[in-house]
Amino acid sequence: MNVKYVKFGVLEQFMTRILMKAGVPENDARKVADVLITADKLGFDSHGVNRLKPIYLDRIKDGIMNPVTRAETVRESPATAVIDGHHGMGHVIASGAMEIAIEKASKYGLGMVAVRNSTHYGFAGYYPLMAVKKNMIGITGTNARPSIAPTFGVENMLGTNPLTFGIPSDEAFPFLLDCATSITQRGKVELYARSGKKLPGGLVIDDHGESSTDPQKVLEYLISGKAALTPLGGIGEETGGYKGYGYATVVEILSSALQQGAYMKMLSGFSEGKKVPYSLGHFFMAIDISAFTDPDDFKKTTGNILRELRASRKMPGQERIYTAGEKEHETWMSRKDKGVPFGKELLNEFRGLCIEYDLEQYIEEF
């Protein structure tokens, strides 16, 4: 597939301007653009700039996402807070929530913030990395519209519900684990659909419990409830599917029960056949390493653990063992001078946005 690389600076400028035209204040627009572009910098292409139109611009247009964010603190203690996002831009709400968690952790060693009535916050790893930059451990999770079936079930009940960690190390990159509690997620199904490829078996089941591999049908059936993603571990219990199901449930509880927000089927985005806000919940934790040990000592021990893992005996035929965050760093090193890779379909989509939002001067960039 032919790929064209678009420079990060061009994308930041274009996306900020188009979001402002959609009603997002400038500083907030820059934040949204930064979260999306950072995903592509690190290789999380399923949550990068390709989400600009379908997840953000279209939802603003549909009236189910507020372009002007008015996050409100509704409950607070020295080390905790609960935020109501009032259906604003999830990236802005989430960044503010993690900033509060970091500030509280700097005073008390630990900080945790729960959020209700938010919207899709993009690349989950962005927020733990905010804590990493402050010599802290960052953790976040979010619920999402129903996608995962419980073990032995076929109905999509739980969201893809990522549980994400960022941990400082003495290496050139931190430990970053950002993955859904399903084997795959909607964004990757979208990538398969864009590329015209079939899904591997076992990632998605239909309402009869059979594997479904047509990505276009899967995207349609996930909305209608005729298909569901399988949890980490896969179908049934033999390969540990109950583990992914359990972790997805933990994230669902922490993303809703702490702040008394919406959960599971309440997050479908529809009410009486009409589109409504998704009312997502998130949680954010910051842990100040200096409250436990010297940060440099912590980072050295973390680095040693990661290096020993990579140096362990390899499976026959395999050249390398990776640790979380390593591939993302290598993606950044390969893309930092080139930009974000765009396929034909995404290029056409962005050219259409140039025309729709009266930004034709950018068409040549795409």
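Sequence positions are assigned chain by chain, starting from 1 and proceeding in written order. Local features are withheld for residues below a pLDDT of 70 in this predicted model, meaning they are given only at 70 or higher, and side-chain atom pairs are given and counted only at 80 or more; totals for whole chains, interfaces and linings count all residues. No hydrogens and no water enter the side-chain calculation; it runs on all heavy atoms of the structure.

Draft legend 1. Seen up close, the pattern of salt bridges. Whenever a carboxyl oxygen of Asp or Glu lies within 4 Å of a side-chain nitrogen of Lys or Arg, that contact is scored as a salt bridge. In the structure shown here, the tally under the stated rule is 19 salt bridges. In this structure, E345 and R194 form a salt bridge, with 4.0 Å as the shortest nitrogen-oxygen distance. Residue E345 is found in helix 11 (residues 344–356), and its partner R194 is found in helix 6 (residues 186–195); the two are separated by 151 residues along the sequence. Exposure categories follow from relative accessible area, calculated using a 1.4 Å probe and restricted to protein chains: below 20% of the type maximum is buried, above 50% is exposed, and the middle band is partly exposed. Given a relative accessible area of 23%, R194 falls into the partly exposed group. By sharing partners, the salt bridges in this structure join D170, E171, R307, R310, R320, E326 and E330 into a single network. Think of it this way: any DSSP run of H or I at least four residues long counts as a helix, any run of E at least two long counts as a strand, and we number them from the N terminus.

Draft legend 2. Quick peek at the environment of K243. For K243, the location among the structural elements is in helix 8 (residues 241–254). The partly exposed category is assigned to K243, whose relative accessible area is 48%. A sequence separation of 67 residues divides K243 from R310, and the C-alpha atoms of the two residues are 25 Å apart.

Draft legend 3. Region of the structure containing the environment of L52. By the element assignment, L52 lies in helix 3 (residues 52–61). Judged by its relative accessible area of 0%, L52 falls in the buried class. Along the backbone, L52 and L19 are 33 residues apart, and their C-alpha atoms lie at a distance of 8.9 Å. Setting aside residues up to four positions removed in sequence, L52 forms contacts with M15, I18, L19, L36, L57, F350 and L353. Contacts are assigned to residue pairs that have any heavy atoms within 4.5 Å of one another.

Draft legend 4. Structural view of the side chain of S279. Summarising the element assignment, S279 is placed in the loop between strand 11 (274–275) and strand 12 (280–288). With residues up to four places along the chain from it excluded, the contact list for S279 reads H87, N117, S118, A262 and L267.

Draft legend 5. Geometry of the sheet that holds strand 6 (residues 163–167). By definition, two strands form a pair when at least two bridges between them are found by DSSP. A sheet is described by the order of its strands in space; here seven strands give the open sequence 2-3-4-12-5-6-7, paired in mixed fashion. Strand pairing shows two members of the sheet lacking a second neighbour, strand 2 (72–76) and strand 7 (175–177), which therefore form its edges. Taken pair by pair, the neighbouring strands of this sheet meet at an average axis angle of 15 degrees, ignoring direction. Sheet topology places strand 4 (residues 110–118) next to strand 12; seven bridges connect them, and they run antiparallel. In the sheet register, L110 faces strand 12, and the bridge partner there is I287. Axes here refer to lines fitted to C-alpha atoms; in helices the fit is confined to the stretch in contact. Angles between the N-to-C directions go from 0 to 180 degrees.

Draft legend 6. Quick peek at the pairing of strand 12. Counting buried residues along strand 12, eight of its nine residues qualify, which places the element largely inside the surrounding structure. Two elements, strand 5 (residues 136–142) and strand 12, share seven bridges in a ladder whose sense is antiparallel. Within the sheet, the bridge partner assigned to I139 lies in strand 12 and is M285.

Draft legend 7. Geometry of the packing of helix 6 against helix 7 (residues 215–224). The contact between helix 6 and helix 7 brings their axes to 8 Å, and the two run at 145 degrees. For helix 6 against helix 7, the interelement crossing comes out left-handed. Where helix 6 approaches helix 7, its residues R186, V189, E190, Y192 and A193 are matched on the opposing element by P215, Q216, V218, L219, L222 and I223. When residue character is reported, Ala, Val, Leu, Ile, Met, Phe, Trp, Tyr, Cys and Pro are called nonpolar, Asp, Glu, Lys and Arg charged, and the others, Gly included, polar. Here the residues of the contact of helix 6 with helix 7 sort into eight nonpolar, one polar and two charged. Working rule for handedness: look at the near helix, and if it is turned counterclockwise from the far one by less than a right angle, call the crossing left-handed; if clockwise, right-handed.

Draft legend 8. Representation of helix 3 in the model. Counted residue by residue, helix 3 has seven buried out of 10 residues, so it is predominantly covered. L52, I55, Y56, L57, D58, R59 and I60 are the residues of helix 3 that are buried. Where helix 3 is buried, its residues contact helix 1 (8–21), helix 2 (26–41), helix 4 (90–108) and helix 11. One or two residues past the end of helix 3 sits G63, with phi positive at roughly 80 degrees.

Draft legend 9. Summary view of the packing of aromatic side chains. Here is the rule: rings of Phe, Tyr and Trp (six-membered ring for Trp) pair when centre to centre is within 6.5 Å. Planes less than 30 degrees apart are stacked, more than 60 are edge-to-face, and the remainder are tilted. Under the definition given, this model contains 12 aromatic pairs. On the numbers, 6.0 Å between centres and 55 degrees between planes, the contact of Y121 with F284 is tilted. One end of the pair, Y121, is in the loop between strand 4 and helix 5 (126–132); the other, F284, is in strand 12, with 163 residues separating them in the sequence. In terms of burial, Y121 and F284 fall into one category: buried. Each member of the aromatic cluster is reached from another via a ring pair, and the members are F14, F342, F350, Y362 and F366. To sit over a ring, a charge needs its Lys NZ or Arg CZ within 6 Å of the ring centre and within 35 degrees of the ring normal. A cation sits over an aromatic face here: K41 above F8, 5.3 Å from the ring centre. Cation over ring: K327 sits above Y322, and NZ or CZ is 4.6 Å from the ring centre.

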